[in-house]
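Chains, contacts and geometry: an overview
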Amino acid sequence: MIKTISSKNAPAAIGPYSQAKQVGNLLFTSGQIPLDPEKGVLVGSEIREQTEQVMKNLCEVLKAAGTDFDHVVKTTCFLADIADFAAFNEVYASFISSAPARSCFAVKALPKGALVEVECIAEVE
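For the structure given in this document, a descriptive report is provided here. This structure is a prediction, so every number in the text was calculated from the model and none was measured.

Let us now look at the environment of Glu117. Here Glu117 shows up in strand 6 (residues 116-123). Judged by relative accessible area, which is 14%, Glu117 ranks as buried. On a C-alpha basis, the gap between Glu117 and Phe28 in space is 14 Å, while along the polypeptide they are 89 residues apart. Not counting residues within four places of it along the chain, the set of residues in contact with Glu117 comprises Gly31, Gln32, Ile33, Thr76, Cys77, Phe78, Leu110 and Pro111.

This part covers the pairing of strand 6. In this structure, strand 3 (residues 26-29) lies alongside strand 6, joined through three bridges in antiparallel fashion. For Phe28, the partnering residue across the bridge sits in strand 6 and is Ile121. Pairing analysis gives seven bridges linking strand 4 (residues 72-79) to strand 6, with the strands arranged antiparallel. Residue pairing across strands places Thr75 opposite Cys120, the latter belonging to strand 6.

How each quantity is defined
Residues numbered from 1 in each chain as written. Predicted model: local features only at pLDDT ≥ 70, side-chain atom pairs only at ≥ 80, totals over all residues. Heavy atoms only, no water. Helix = DSSP H or I, 4+ residues; strand = E, 2+ residues; numbered from the N terminus. Buried < 20%, exposed > 50% of the residue type's maximum accessible area, 1.4 Å probe, protein only. Contact = heavy atoms within 4.5 Å. Pairing = 2+ DSSP bridges.

Below you can see the structure in the form of structure tokens.
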């Protein structure tokens, strides 16, 4: 059974997708960019601010599914500039201490001009 997960405390999807899908005890989130959940505008102009908002948004999606960062098994991280890697890691590590598997890529561009996007796979108990 596939279940759609949605939180009003995270930004609404800006396209034809959902915030997350749960299949059995696994949750697959869509990528979160640093949007203010209420206003739908980008938060911050530098990587640390934007990463913090992304992780807060992701936290809300995880909460809506009944899980948290301690149950994240894999993340995929997208950066508009690989030079932001160290600063991104500092903020990321303040939210996720369980060291899940991870891929991190520099990409040409992200939606709405964001500097960072993160998606994850988590266990739901």
